[in-house]
Amino acid sequence: MAAEPAMLLIIWHSRTGGARAMAEAALRGAAGEGDARSLQADEATPDALFTARGYLFICPENLGTMSGAMKEFFDRCYYPMLGRIEGRPFATAIAAGSDGTGAERQIERIVTGWRLRRIAEGLIVNLEAQTPEAILAPKTVPPAALQECHDLGQSFAAGLAMGLF
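Residues numbered from 1 in each chain as written. Predicted model: local features only at pLDDT ≥ 70, side-chain atom pairs only at ≥ 80, totals over all residues. Heavy atoms only, no water.

> Explain the packing of aromatic side chains to me, please; I cannot follow it from the model alone.
The relation between two aromatic rings is expressed through the spacing of the ring centres and the mutual angle of the planes. Under the criterion given, the structure shown has 9 aromatic pairs. Between the aromatic rings of Y55 and F57, the centroid separation amounts to 6.1 Å while the plane-to-plane angle is 15°, which identifies the pairing as stacked. The residues Y55 and F57 share a single accessibility class, namely buried. Members of the aromatic cluster, joined through ring pairs, are Y55, F57, F73, F74, Y78, Y79, F90 and W114. Geometry around F50 places R84 over its ring, the cationic atom sitting 4.2 Å from the centre. The cationic tip of R88 hangs over the ring face of F50; the distance from NZ or CZ to the ring centre is 5.4 Å. (Phe/Tyr/Trp six-rings, centres within 6.5 Å; stacked < 30°, edge-to-face > 60°. Buried < 20%, exposed > 50% of the residue type's maximum accessible area, 1.4 Å probe, protein only. Lys NZ or Arg CZ within 6 Å of the ring centre and 35° of its normal.)

Written as structure tokens, this is what we have:
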């Protein structure tokens, strides 16, 4: 009998590039440790969620909450997945202009309904965008923060592959 897939699914949304760079770094880390896949939030489907063994949600915080596209992903997939993915592991990474905790809490509340279990402390990358110009500008994520995203993807995928999660 074949083992269940150990796939890590990274679901992300980015408007100015910060969260995208974080997702790409996490995928690079995960790729060396196990089966991983990355999908933009608007491409993620209930079928993709169902076939994955764990989830890494990455998005920017906009106006104190997760981005609208990420929220739409959860709105679209929430009820089809209810009762079907309980106990699976998840982690989060937030690209924030300053705080990031609003988006973190919002995702946490949603996935509580799916009965997912957090396997890592939320990663919040503060990009210090405080003016309208800085908020709308393309983002560059510092190398140390990209390394943290890489390490999160790597450890998550390794844990899935070893059956720890």
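> I'm lost on unusual backbone geometry in this one. Help?
With the exception of glycine, the majority of residues adopt a negative phi angle, and the majority of peptide bonds are in the trans configuration. Look at R115: it is not a glycine, yet its phi comes out positive at around 65°. If you check the backbone angles, E128 has positive phi at about 55° while not being a glycine. With respect to the element layout, E128 can be found in the loop between strand 7 (123-126) and helix 5 (132-136). (Helix = DSSP H or I, 4+ residues; strand = E, 2+ residues; numbered from the N terminus.)

> Could you clarify how one ought to interpret the side chain of R88 in this entry?
Topologically, R88 is positioned in the loop between helix 3 (68-81) and strand 5 (89-96). The class of R88 is buried, set by a relative accessible area of 10%. Setting aside residues up to four positions removed in sequence, R88 forms contacts with L49, F50, A52, R53, Y55, L116 and R117. (Contact = heavy atoms within 4.5 Å.)

> Would you take a moment to explain the pattern of salt bridges for this structure?
Overall, the coordinates contain 5 salt bridges when judged by the stated rule. Note that E104 and R118 form a salt bridge whose closest N and O atoms lie 2.5 Å from each other. Taken together, the residues span a long stretch of sequence, with E104 in helix 4 (residues 101-114) and R118 in strand 6 (residues 117-118) at a distance of 14 residues. A relative accessible area of 27% places R118 in the partly exposed class. Across the salt bridge formed by R118 and E108, the nearest N and O atoms sit 2.9 Å from each other. Of this pair, R118 sits in strand 6 while E108 sits in helix 4, and the two are 10 residues apart along the sequence. Note on E108: relative accessible area 31%, which makes it partly exposed. Overlapping salt bridges, with partners in common, bring together E104, E108 and R118 in one network. (Salt bridge = Lys/Arg side-chain N within 4 Å of Asp/Glu carboxyl O.)

Any link to function would need more than the numbers given here.
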